[in-house]
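Given next are the chains, with one letter for each unit.
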Amino acid sequence: MKAMTIEKYGNVPLEQTEQPLPVVSAHDVLVEIHAASINPVDFKIRDGKVKLLIPYQFPLILGNDFAGIVTRVGPAVTQFQVGDAVYGRAEKQRIGTFAEFIAIHEDLVARKPDSLSFEEAASIPLVGLTSYQVLHDVLQATPGQKILIQAGAGGVGTFAIQLAKAMGLYVATTASSAGHDLVKALGADEIIDYRTVAFDEVLHDFDGVYDTIGDDTLRRAFKIVRPGGQIVSISGLPNGRFGKAYGSGFLKTMLFRLLTVREAFLERKYRVTYTFLFMKPSGRQLQHITEWIETGQIKPVIDRVYPFEAAQEALAYSESGHAKGKVILKVK
Ligand SMILES: NC(=O)c1ccc[n+]([C@@H]2O[C@H](COP(=O)([O-])OP(=O)(O)OC[C@H]3O[C@@H](n4cnc5c(N)ncnc54)[C@H](OP(=O)(O)O)[C@@H]3O)[C@@H](O)[C@H]2O)c1
């Protein structure tokens with residue numbers, strides 16, 4: 001099959017190569033991919049930034065989420081049949097959606113929403129599951145709560161705002177002026193132009209922050225959260241709490257603890273809990289997300305669609321950091 005691969009970590013261009021079809025285990029479905037989406041984790045993996053958490057083998061096919069058609073099922077598969085249109089987020093140890101086929105455990109796949117094209121469906125799994133896990137699982141947000149979503153105009157932000165509104169939350173978000181109309185149309189209640197206004201000088205007593213930026217932006221967020229509130233970051237550094245929950249072992253957990261001493265200090269100072277989240281694939285959670293899509297409460301937001309051969313340009317555009325919504329790779 002054709003695939004977009006790298007041979008080593010670093011800022012190397014994607015190359016189109018021929019790769020063997022993935023091995024289909026008993027509980028796997030083999031999906032012919034029609035579309036994949038680009039996520040910043042793709043270039044982070046390429047750069048070797050994720051190797052502490054997941055060591056990959058080369059040649060490595062990049063790509064983390066997909067929409068396509070089931071073309072084979074393993075002997076123990078019960079939920080899907082050949083011909084089903086599905087979407088999902090690849091297993092972290094078995095990524096590779098910038099390719100014609102992927103094998104994936106059936107529990108990690110959901111039926112594609114009928115109302116969406118393959119390109120639209122491929123935009124959802126990674127950002128959708130991440131936002132569900134942040135807002136629902138960790139923050140356990142309840143209607144009326146106030147939440148700040150950083151970078152509302154990005155791939156994660158455009159989904160997160162819609163999900164937060166569907167959950168009945170009050171949403172403040174940051175965006176440059178180029179993204180204001182978009183985040184307003186998605187339902188944001190309060191928009192802060194991050195280029196001209198410091199969010200931590202205008203927001204107070206928030207119940208939670210969904211941080212997608214990390215670094216100083218993450219640390220400034222502690223100031224705006226009420227005592228007892230929470231910050232969940234998907235871009236900060238993993239802390240000791242994450243290490244334990246992720247089963248990272250003693251040494252890595254100690255390393256994470258050392259790397260996040262400033263966050264630990266701020267947690268005590270402001271009586272706010274900090275959690276780093278590394279999203280997990282889940283067919284069951286994706287099925288919940290499908291329901292919000294089918295009722296029209298959440299719509300895909302697509303910035304650009306690139307042909308398969310232009311995967312390198314698609315990755316470079318995402319890496320520019322200014323996408324408005326999602327960047328899609330049309331595979332078939
Ligand atoms: N841990 C996990 O499981 C997980 C899961 C998903 C994503 N992530 C991470 O989350 C981050 C965001 O992902 P994404 O897909 O949303 O990225 P993205 O689509 O590339 O985000 C681009 C958007 O970010 C905005 N932006 C950039 N700097 C900003 C700032 N300082 N304040 C407010 N907005 C800013 C840009 O707006 P302008 O063009 O107007 O500047 C642009 O619209 C990435 O680092 C990604 O790796 C982690």
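In this text, all values refer to a predicted model and were calculated from it rather than measured experimentally.

(A) Region of interest: the sheet that holds strand 11 (residues 190-193). Taken together, the six strands give an open sheet; going across it, the order is 11-10-9-12-13-14, and neighbouring strands pair in parallel fashion. Where the open sheet ends on each side, the last strands, each with one partner, are strand 11 and strand 14 (273-276). Sheet twist, expressed as the mean angle between neighbouring strand axes with direction ignored, is 15°. In the sheet, strand 9 (residues 146-149) pairs with strand 10 (residues 170-175) via four bridges, with the strands oriented parallel. Residue pairing in the sheet places L148 in a bridge with A172 of strand 10. Contacts between helix 3 (residues 125-138) and the sheet are confined to strand 9, strand 12 (206-211), strand 13 (225-233) and strand 14, with strand 12 contributing the most and set at about 155° to the helix. Together, strand 9, strand 10 and strand 12 form the strand contacts of helix 4 (residues 155-166), whose direction differs from that of strand 10 by roughly 165°.

(B) Examining the pattern of salt bridges more closely. Counted by the stated rule, this structure contains 16 salt bridges. In this structure, E309 engages K2 in a salt bridge whose closest nitrogen and oxygen atoms are separated by 3.9 Å. One end of the pair, E309, is in the loop between strand 15 (302-307) and helix 12 (311-319); the other, K2, is in strand 1 (residues 2-6), and 307 residues separate them in sequence. Residue class for E309 comes out exposed when judged on its relative accessible area of 53%. With a shortest N-O distance of 3.3 Å, D216 and R220 are connected by a salt bridge. Of the two residues, D216 and R220 both sit in helix 7 (residues 215-221), four residues apart, roughly one turn of that helix. When its relative accessible area of 46% is taken as the criterion, D216 is described as partly exposed. Judged by relative accessible area, R220 falls into the partly exposed class, the value being 25%. When salt bridges that share partners are traced, they join D200, D216, R220 and K223 into one network.

(C) Looking closely at the packing of helix 3 against helix 4. Two elements in contact, helix 3 and helix 4, have axes whose closest approach is 9 Å; the angle formed by their N-to-C orientations is 50°. Classified by the interaxial angle, the pair formed by helix 3 and helix 4 is oblique. For helix 3 against helix 4, the interelement crossing comes out right-handed. Contacts from V127, G128, S131, Y132 and L135 of helix 3 reach helix 4 at G155, V156, F159, A160, L163 and A164. For the contact of helix 3 with helix 4, the per-class residue count stands at eight nonpolar, three polar and no charged.

How each quantity is defined
Residues numbered from 1 in each chain as written. Predicted model: local features only at pLDDT ≥ 70, side-chain atom pairs only at ≥ 80, totals over all residues. Heavy atoms only, no water. Pairing = 2+ DSSP bridges. Helix = DSSP H or I, 4+ residues; strand = E, 2+ residues; numbered from the N terminus. Axes fitted to C-alpha atoms, helices over the stretch in contact; angles between N-to-C directions. Contact = heavy atoms within 4.5 Å. Salt bridge = Lys/Arg side-chain N within 4 Å of Asp/Glu carboxyl O. Buried < 20%, exposed > 50% of the residue type's maximum accessible area, 1.4 Å probe, protein only. Parallel < 35°, antiparallel > 145°, perpendicular 65-115°, else oblique. Left-handed = near helix turned anticlockwise from the far one by under 90°. Nonpolar A, V, L, I, M, F, W, Y, C, P; charged D, E, K, R; others polar.

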